Amino acid sequence: MTIKSVKAREILDSRGNPTVEVDLVTESGLFRSMVPSGASAGKHEALELRDGDKTRYQGKGTLKAVANVNNIIAPKLVGVDPTLQKEVDNLMLKLDGTPNKAKLGANAILAVSMAVSKAGAAAKSVPLYHHVGDLFGTKASSLPVPMCNVINGGKHAGQENSIQEHMLMPTGAKSFREGIRMISESYQQLSSLLKKKYGVGATLIGDEGGFAPSQIEDIHERLDLMLSAVKNAGYEGMIKIALDPASSEFYYDGIYKIAKKSYNRGELVDFYADLCKTYPIISIEDGFAEDDWDSWVEMTKKLGSKLQIVGDDLFVTNTERITKGIKLKSANSVLIKLNQIGSVTETLNAIAMAQKNGWTAVVSHRSGETEDNFIADMVVGTNSGQIKTGAPARSDRNAKYNQLLRIEEELGNKAQFKPKTQVPKQGYIQKPYISPKHP
Ligand code: PGA
Ligand code: ZN
């Protein structure tokens with residue numbers, strides 16, 4: 001089986017911004033992939049090539065990246081075996097020749113890389129998760145516990161100095177299917193609570209499909225409403241909470257600002273610790289800013305034995321930065337986003353590095369998404385055990401959840417769903433839930 005042609009085009013993502021799509025053809029058919037895009041992107045991410053031509057899409061066009069695929073990458077791949085993922089990715093890295101994919105664009109390279117994986121799976125007549133498992137060196141069987149972002153804040157909701165993501169994790173579910181149902185039912189309960197208290201305007205949604213009630217600034221009220229919704233849905237104690245403050249967005253020269261309050265390093269660690277004592281929080285991502293390593297180390301020292309501490313903007317799926325983090329003990333988990341690093345092989349390397357060092361890896365979407373559900377297969381293929389892909393709403397998010405439902409069905413009794421084994425061995429703070437101050 002060989003690659004016959006590779007063709008890129010400019011399409012739209014879930015926010016209406018242009019992005020890159022690639023059609024790759026082999027004897028087995030056409031394989032299509034689409035690249036997502038972040039809003040609260042880290043400054044150390046690989047370069048997302050945008051045209052900068054202000055007369056089109058406010059400068060966000062992707063015609064240069066499309067041309068790089070069609071004119072530079074495509075001619076080199078015709079005749080190549082698509083099962084040779086590493087070789088193809090290395091070839092593209094060489095063609096680019098820069099440390100951050102600045103020449104061809106991470107969006108150009110990744111679109112091809114993901115399409116090659118899909119073609120590679122078809123060449124072997126196996127599902128994509130199985131092929132990813134082969135590339136990764138595991139037998140794919142583990143369905144992830146989802147982190148579902150039901151209240152959107154920060155950049156995803158047009159808010160400043162606001163915690164970005166408030167997520168529900170159905171750790172008490174027996175299967176992925178049951179977990180997704182628990183989340184969906186809780187999400188609908190949350191909608192009713194918001195409507196009752198603040199009117200229908202409070203149920204408008206943000207970029208990741210979660211509600212974006214701008215009138216609720218206080219994190220305690222947000223979390224109280226979420227837990228009330230969980231209780232009303234009948235799942236009290238079975239659903240835990242994960243947060244992604246995305247704090248690089250509210251970091252001002254040594255000071256963090258949330259709502260109308262300012263925090264220094266010690267105060268912010270205490271703020272998180274207090275939240276963990278009050279609410280069943282099991283994971284906090286980007287609690288500190290992307291270059292504030294000392295604060296990360298302090299937070300991990302104080303809370304890391306009981307809490308999953310996930311680095312997103314800190315690590316940007318980059319093994320060099322993850323190596324530094326492991327040495328410094330600055331976290332115990334890595335967020336994994338394909339387009340932060342820009343190829344499938346490098347992404348799998350980042351997951352492997354996390355897992356080998358006893359850290360967890362959380363596979364993630366971006367706030368700007370497409371209908372491409374590659375990450376669903378990737379999370380199963382790497383047995384990563386956790387996926388973050390928005391609220392159970394909007395098709396760009398549900399494309400991933402729906403694919404996981406299909407994979408679970410296909411794996412049948414081989415499917416594993418053991419959410420509790422995915423957390424650091426020491427176990428999290430799991431205090432009983434205290435009844436809401438803001439019912
Ligand atoms: P982004 O945010 O996709 O907008 O960068 C997601 C996140 O911070 O996890
Ligand atoms: Zn994040």
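Notes on the structure follow. Owing to the predicted nature of the structure, the values given are computational and were not obtained by experimental measurement. (Residues numbered from 1 in each chain as written. Chains lettered and ligands numbered in written order. Predicted model: local features only at pLDDT ≥ 70, side-chain atom pairs only at ≥ 80, totals over all residues. Heavy atoms only, no water.)

Lining the immediate surroundings of ligand 1 are 16 residues, of which Ala39, His156, Arg366, Ser367 and Lys388 lie closest. A distance of 2.7 Å separates an oxygen atom of ligand 1 from a polar side-chain atom of His156. At 3.1 Å, a side-chain N or O of Lys337 approaches an oxygen atom of ligand 1. In isolation ligand 1 offers 280 Å² of accessible surface; the protein chains occlude 100% of this area. When atoms are counted within 2 Å of each cavity's grid points, the one that captures over half of ligand 1 is the second largest cavity. Taken together, the residues of the shell around ligand 1 sort by class into three nonpolar, five polar and eight charged. (Near = heavy atom within 4 Å. Polar contact = N/O pair within 3.5 Å; in protein donor to acceptor, adjacent residues only side chain to side chain. Areas by Shrake-Rupley, 256 points an atom, 1.4 Å probe, with all protein chains shown as cover. 1 Å grid on protein atoms, 1.4 Å probe; cavity = no way out; pocket = protein on both sides within 12 Å on 5 of 7 lines; lining within 4 Å. Sits in = over half its atoms within 2 Å of the grid points. Nonpolar A, V, L, I, M, F, W, Y, C, P; charged D, E, K, R; others polar.)

Right, let's talk about empty space enclosed by the protein for a bit. Taken as a whole, this structure holds three cavities of 30 Å³ or more when the rule is applied. Within this model, the largest cavity holds a volume of roughly 120 Å³. Along the walls of the largest cavity sit 16 residues, with Pro36, Met114, Leu338, Glu369 and Ile375 positioned nearest its centre. Those elements that place two or more of their residues in the lining of the largest cavity are helix H10 (338-341) and helix H12 (374-381). Counted by class, the lining of the largest cavity contains six nonpolar, five polar and five charged residues. Counting residues domain by domain, the lining of the largest cavity receives three or more from each of domain 1 (3-125) and domain 2 (145-414). By volume, the second largest cavity is sized at about 70 Å³. Lining the second largest cavity are 16 residues, and of these Ser40, His156, Glu208, Lys337 and Arg366 sit closest to its centre. Grouping the constituent residues of the lining of the second largest cavity by class yields two nonpolar, seven polar and seven charged. Each of domain 1 (3-125) and domain 2 (145-414) gives at least three residues to the lining of the second largest cavity. (Points joined across faces, edges and corners; volume = space filled by probe spheres on them. Helix = DSSP H or I, 4+ residues; strand = E, 2+ residues; numbered from the N terminus. Domains from an automatic or database assignment.)

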